[in-house]
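Secondary and tertiary structure notes
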Amino acid sequence: WKSILRCHDISQKYPYVNILERCSKVEEKKNNIIDLDVKRTTLKDNQEEGRAAITRILKAFVFIEEKLDYCQGMNYIAAFLYQITQFKEDEAFYLLLGLSKNSNFKDIFIDDMQKLKIFFYILRRLIFLYMPELITYFNSNSVNVRYFASPWMITLFTNFYQYHDGYDSKILVQIWDDFLLHGWKSIFSSILALIKYNYDKLLNLKGDELLT
């Protein structure tokens, strides 16, 4: 991941210690959103210390990516990277910044998230093509694909990592491997695979249970 996202180059251009000294200029509005988001972040170890580290990582990130609107859910990505690097705060920051600068991840945050809206349309069409009965069932239960796909896409599935105690991150790491190599196509494949795996179960649920 460090190689693909060119973290060495990023560390030379944006030394984390220096950025921390300067990022006090982050807009108060963004600061408040980050603080609220981080409070909702679950860490498996060192909860208080970890949240402080994630807050610093995110504030340093939005300081550099000032043209990129901070989006709720980025805290999950930061938390995942902080844990996957074994609590190395600077490495987690370089990976997060590399994800923004050297992958097509941030495409969905540009132009009022127009690309994300297009992605929802594409996903709905894919489900219709491969599982037409299910998309009809979604419609009859007023379930829009954006209800469940939005957090998966915005957080690259790291929100799922937050809500399952003892969850093995192996599958999540594989999804990230695939995304960093092949881009958004791999996320569509992952979503379709998850839905297909739960296909029979989904057809036997209704309303809120279905969405959950």
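The following paragraphs examine the structure supplied in this document. Within every chain, residues take consecutive numbers counted from 1 along the sequence as written. With the structure being a predicted model, the display of local features is reserved for residues of pLDDT at least 70 and the display and counting of side-chain atom pairs for 80 or more, all residues being used for whole-chain, interface and lining totals. Side-chain measures here rest on the full set of heavy atoms in the structure, leaving out hydrogens and waters.

**Considerations on the overall build of the protein chain**
Secondary structure elements are taken from DSSP: a helix is a run of H or I of four residues or more, a strand is a run of E of two residues or more, and numbering for both begins at the N terminus. Within the protein chain one finds 14 helices and zero strands. Helices (α) and strands (β) of the protein chain occur, in sequence order from the N terminus, as α-α-α-α-α-α-α-α-α-α-α-α-α-α. For the protein chain, the C-alpha radius of gyration of 18 Å lies close to 17 Å, the compact-globule estimate for 212 residues. Going through the 212 residues of the protein chain one by one, you find that 49% of them count as buried. Put simply, 75% of the contacts in the protein chain that link residues at least 6 apart link residues at least 24 apart. Carbon and sulfur atoms make up 50% of the accessible area of the protein chain, which totals about 11800 Å². Every radius of gyration here is taken over C-alpha atoms, with the globule rule written as 2.2 Å times N^0.38, N being the number of residues. Exposure classes here rest on a 1.4 Å probe applied to the protein chains alone. A residue is buried below 20% of its type maximum, exposed above 50%, and partly exposed in between. Contact between two residues is taken to exist if any of their heavy atoms lie within 4.5 Å; hydrogens are not considered. In this description, accessible areas are obtained by the Shrake-Rupley approach with a 1.4 Å probe, and a residue is regarded as covered only by the protein chains that are shown.

**A closer look at the packing of helix H5 (residues 74-84) against helix H11 (residues 170-182)**
What describes two packed helices is the angle between their axes and the distance between those same axes. Close contact between H5 and H11 brings their axes to 13 Å; oriented N to C, the two are set at 105°. What the angle tells us is that H5 and H11 run roughly perpendicular. Along the contact surface, H5 presents Ile-77, Phe-80, Leu-81 and Ile-84, while H11 presents Leu-172, Val-173 and Trp-176. To get an axis, fit a line to the C-alpha atoms, keeping to the stretch in contact for a helix; angles then go from 0 to 180 degrees between the N-to-C directions. An angle below 35 degrees is read as roughly parallel, one above 145 as roughly antiparallel, one from 65 to 115 as roughly perpendicular, and any other as oblique.

**Some thoughts on the packing of aromatic side chains**
Centres within 6.5 Å make a pair out of two Phe, Tyr or Trp rings, where for Trp the six-membered ring is used; the pair is then stacked when the planes are under 30 degrees apart, edge-to-face when over 60, and tilted otherwise. A full pass over the atoms with the stated rule returns 14 aromatic pairs. Between Phe-105 and Trp-184, the ring centres sit 6.3 Å apart and the planes meet at 20°, which makes this aromatic pair stacked. Here Phe-105, found in the loop between helix H6 (89-101) and helix H7 (114-130), pairs with Trp-184, found in helix H12 (residues 184-197); they are 79 residues apart in sequence, far enough to count as distant. Judged on exposure class, the residue Phe-105 and its partner Trp-184 are both buried. Aromatic pair Phe-179 and Trp-184: ring centres 5.1 Å apart, planes at 70°, arrangement edge-to-face. Both residues of the pair, Phe-179 and Trp-184, belong to the buried class. Taken together through their ring pairs, the aromatic side chains of Phe-105, Phe-109, Phe-119, Phe-179, Trp-184 and Phe-188 make up a single cluster.

**A look at the side chain of Ser-100**
Relative to the helices and strands, Ser-100 is located in helix H6. Residue class for Ser-100 comes out buried when judged on its relative accessible area of 2%. A polar contact of 2.3 Å, which involves the side chain of Ser-100, links it to the side chain of Glu-65. Each residue touching Ser-100, except ones within four places of it in the same chain, is listed here: Phe-61, Glu-65, Leu-68 and Lys-106. Here a polar contact is taken to be a pair of N or O atoms separated by no more than 3.5 Å, where protein atoms must pair a possible hydrogen donor with a possible acceptor and residues adjacent in sequence count only if both atoms sit in side chains.

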